[in-house]
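# Notes for the structure review
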Amino acid sequence: MSLTSSSAVVRRLIVSTGHTHPQAEPQRLVATPAALSAVLRAFGRPLDRLPVRTTVYIGCPLGELPSVHEGFTVRTEPSAGRALRRAARELHDGTTDLAVVAGFGEPDPGTVTVHAVRRAAEAVADSERIVGVLDLTADAEDDLPPVRPLVHGRRETGPERHRLLLWSGRDEEDEARVRGELLALLDGSHSEAFPALPTAVPCGVPVGPVRGAAVTVSALAAASVHKARAGRAGRPRPVALLFPGQGSQHTGMATGLYGRDPVFTAAVDAVFAHMGDEGRRVREDWLTPGRPRIPVDDVRRAQPLLFAVDYALGRLVLSWGVRPAALLGHSAGELVAATLAGVVSLGDAVSMVMSRVREAVRIPEGGMLAVAASEERVAPYLTGDVVVAAVNTAQQVMLAGPAAPLAEVRGRLRTDGHTVVEVPASSPFHSPAMAPAAERVEADYRRIPLREPVLPLYSGYTGTLMGAEQALDPRFWARQITDTVRFKEALEELLAIEDVLLIEAGPRQTLTAFARRHRAVRLGASAATPLLPARPGTQEADRQSVLTAAARVWTEGHDLDMRAVSGLWSWSADRARTPATLAVPA
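Because the structure is predicted, anything quoted here is derived from the model rather than measured. (Residues numbered from 1 in each chain as written. Predicted model: local features only at pLDDT ≥ 70, side-chain atom pairs only at ≥ 80, totals over all residues. Heavy atoms only, no water.)

### Let's talk about the overall build of the chain
Regarding its fold elements, the chain presents 21 helices and 23 strands. Its C-alpha atoms give the chain a radius of gyration of 26 Å, near enough to 25 Å, the size a compact globule of 586 residues would have. When the backbone C-alpha atoms are referred to their principal axes, the chain occupies close to 95 × 65 × 45 Å. For the chain, buried positions account for 56% of its 586 residues. (Helix = DSSP H or I, 4+ residues; strand = E, 2+ residues; numbered from the N terminus. Rg over C-alpha atoms; globule rule 2.2 N^0.38 Å. Buried < 20%, exposed > 50% of the residue type's maximum accessible area, 1.4 Å probe, protein only.)

### Some details on the sheet that holds strand β15 (residues 326–329)
Ordered in space as β20-β15-β14-β21-β22, the five strands form an open sheet in which the pairing is parallel. The open sheet has two edge strands with one neighbour each: β20 (457–458) and β22 (527–530). Here β15 runs beside β20; their pairing, made up of two bridges, is parallel. The residue bridging L327 from the neighbouring strand is L457, located in β20. Each of β14 (239–243), β15 and β20 touches helix α9 (residues 333–340); the most contacted strand, β15, lies at about 155° to it. Of the strands in this sheet, β14, β15, β20 and β21 (501–504) are in contact with helix α16 (residues 487–497), which crosses β15 at around 170°. (Pairing = 2+ DSSP bridges. Contact = heavy atoms within 4.5 Å. Axes fitted to C-alpha atoms, helices over the stretch in contact; angles between N-to-C directions.)

### A word on the sheet that holds strand β2 (residues 54–59)
If you trace the eight strands from one edge of the open sheet to the other, you get β3-β4-β2-β5-β6-β1-β7-β8, paired in mixed fashion. Two strands lie at the open edges of the sheet, namely β3 (68–69) and β8 (147–148), each paired on one side alone. Pairing analysis gives two bridges linking β3 to strand β4 (residues 72–77), with the strands arranged antiparallel. Residue pairing across strands places V68 opposite T73, the latter belonging to β4.

### Some details on the confidence of the model for the chain
Averaged over the chain, the pLDDT score is 92; the fraction of residues at 70 or greater is 95%. The low-confidence segment residues 576–586, where pLDDT is below 50, has 41 contacts with residues more than four positions distant or belonging to other chains. (pLDDT = per-residue confidence, 0-100.)

### Describing helix α19 (residues 539–556)
Over its 18 residues, α19 runs 26 Å from end to end, which matches the ideal 26 Å to within 8%, given 1.5 Å per residue. Positive backbone phi, at 120°, marks G557, one or two positions downstream of α19. (Expected span 1.5 Å × (residues − 1).)

### Points about the packing of aromatic side chains
Scanning the entire structure with this criterion turns up five aromatic pairs. Between F272 and W286 the ring centres are 6.1 Å apart and the planes differ by 65°, which places this aromatic pair in the edge-to-face class. Here W286 lies in helix α7 (residues 277–287) and F272 lies in helix α6 (residues 262–274), a separation of 14 residues in the sequence. Assigned by exposure class, F272 and W286 land together as buried. (Phe/Tyr/Trp six-rings, centres within 6.5 Å; stacked < 30°, edge-to-face > 60°.)

### Here we look at unusual backbone geometry
That bond from E106 to P107 is cis: its omega, 0°, falls within 30 degrees of zero. With respect to the secondary-structure elements, P107 resides in the loop between β5 (98–104) and β6 (111–119). Looking along the chain, the bond that leaves V201 and enters P202 is cis, with omega of 0°. Mapping P202 onto the fold places it in the loop between β11 (200–201) and β12 (210–216). Residues other than glycine seldom take positive phi values, yet S331 does so here, at roughly 55°.

### Quick notes on the pattern of salt bridges
Under the defined criterion, the tally for this structure stands at 43 salt bridges. Salt-bridge contacts for R118 lead to E128; the nearest nitrogen and oxygen are separated by 3.1 Å. Of this pair, R118 sits in strand β6 while E128 sits in the loop between α3 (120–125) and β7 (132–134); the two residues are 10 residues apart in sequence, bridging distant segments of the chain. Assessed through its relative accessible area of 11%, R118 is described here as buried. For E278, the salt bridge goes to R281, with nearest N and O atoms at 2.9 Å. Note that E278 and R281 are positioned in helix α7 at a spacing of three residues, about one turn of the helix. One network of salt bridges, in which partners are shared, links R11, D97, R118, R119, E122, D126, E128 and R315. (Salt bridge = Lys/Arg side-chain N within 4 Å of Asp/Glu carboxyl O.)

### Focus on helix α12 (residues 403–415)
For an α-helix, the turn length of 3.6 residues means that residues three or four places apart are oriented alike. The end-to-end C-alpha distance of α12 is 18 Å, a good match for the 18 Å that 13 residues give at a rise of 1.5 Å each. Residues of α12 that are buried: P405, L406, V409 and L413. Each buried residue of α12 sits inside an arc of 100° when the element is viewed along its axis, so together they form one side. Away from its buried face by more than 90 degrees, α12 exposes A404 and T415. Buried residues belonging to α12 abut β16 (366–371), β18 (396–402) and β19 (420–423). Of the residues flanking the end of α12, it is G417, one or two places downstream, whose phi is positive at about 90°. (Arc of directions from axis to C-beta.)

### Looking at the environment of E128
On the accessibility criterion, E128 (22% relative accessible area) is partly exposed. When sequence neighbours within four positions are dropped, the list of residues in contact with E128 reads V10, R11, R118 and A123.

### Topic: the nonpolar core
Residues F307, W320, W477 and L502 are the most contacted members of the largest nonpolar core, which totals 145 residues. Examining the composition of this core, we find that 11 residues originate from one element, helix α8 (residues 299–319), more than from any other. In terms of nonpolar packing, the next biggest core, distinct from the first, is built from 14 residues, A373, Y381, V388 and V391 among them. (Core = buried A, V, L, I, M, F, W, Y, C linked by side-chain atoms within 4.5 Å.)

Listed below in structure tokens is the structure:
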């Protein structure tokens, strides 16, 4: 079973007409506009929260139906079985993002069965409760296709894999008692039983305010728990997610999570599936870093991979049960933030990324520089072709421009004693050199439906909270490849609202470093923690780093979905399958 080509039934509801008298003949239901409205609202979700590309499929309709109802496309088929099969095809083709399929007269004349169906990979990435996947192998198209259990990977445990141990108590004395019980449990358990121990102890009682955590392997578990410092969790600071952009990428980034966490794996696969054949090539270059077709710093790899990794990390944090209070992306990371905030669907966001890439490669080669200086200090060095591309902190900016002028500016800055680092980028993003690309990208973006954000979304281009005017404007999104990133201003605006726990959802720890220079973080009012290591390392280091961030969230006072967190040490993709056909758990 291929996860990326399967259609998952995420909700199902059977509604009866209410004829209960044994001699009463059930009245055959009629599909009317009023019935269409009822189908759209069957699961209690407001219509403005349904994906823009939601399609209603009606099987065996009786009556005249419009082709569009309440802003959503309506398709009719002679039977519920045909309606479900058509919905699966159009989900796979990208025509729709959510199929609401109603079988009138199914399973008997007096009932209507409503299915909500999505692409399986996206449903897993969104932590949906999946009824099952449609089995479309049956020959009889009029019959309802069976719904089979979704099998995604397998349970795999090993004492050498890092895992999370959490414990708590009502007060310091109770925490010490619980810790002692945990140590006794660790001392008396065989190493093979280590992965199966509960994530949090004690079990079956409310979590206490004094909390401790350890990220460890079996051999070091007792020592790690003994040395861990417990702290009192007060009112937890809200979580804000940061998404880095071009320049943060590196070879093999986050590969330690792929095939080792079900949500991260499904989210990456969902992104690659929307890229079509190019997605398979991007994945192959990512997972076989020694033999890439295209280097990771090339815009054709950096931007698609960064989007996939940032998005999957964001989904990973959401799967823990964390609802972010704010989202902020740097450069290309802003589109990831917008996707999670509901401004654009995943498929459309991927289309926007690929449009940027397609147009960027047509621009003459250029680059970017990171300079340890203020915007005012670097101003005298700028030429007409080299500009400030980003203002990250009071004393850190990025410059961008065509290759030759940029090299000249770099030389003059270094001659005068400035610290200058080349950013791994092959295109002069956030400079006027990208203007021709922005014009062509804007034409593509005008065909994409946009919505207002449903989560607070801070823009690095305005330095403020994003409103409807920006979110709904294709030109605003297209101009992001030419305009200066005002990350410093956006972060200041975010931290001025309330104290937060900032989590960087992306490779390296660049945004975390920027945030830690902010006065609110230096004074301890807010805090910043990364999900991934600061530099390339082992795949186990990726998992250890993510678990450390989860421990930080929990000790802050947030509740976690323990089953979701435990996937990092108890789940693996089916090794018998290729990455492109990962099926994903019952």
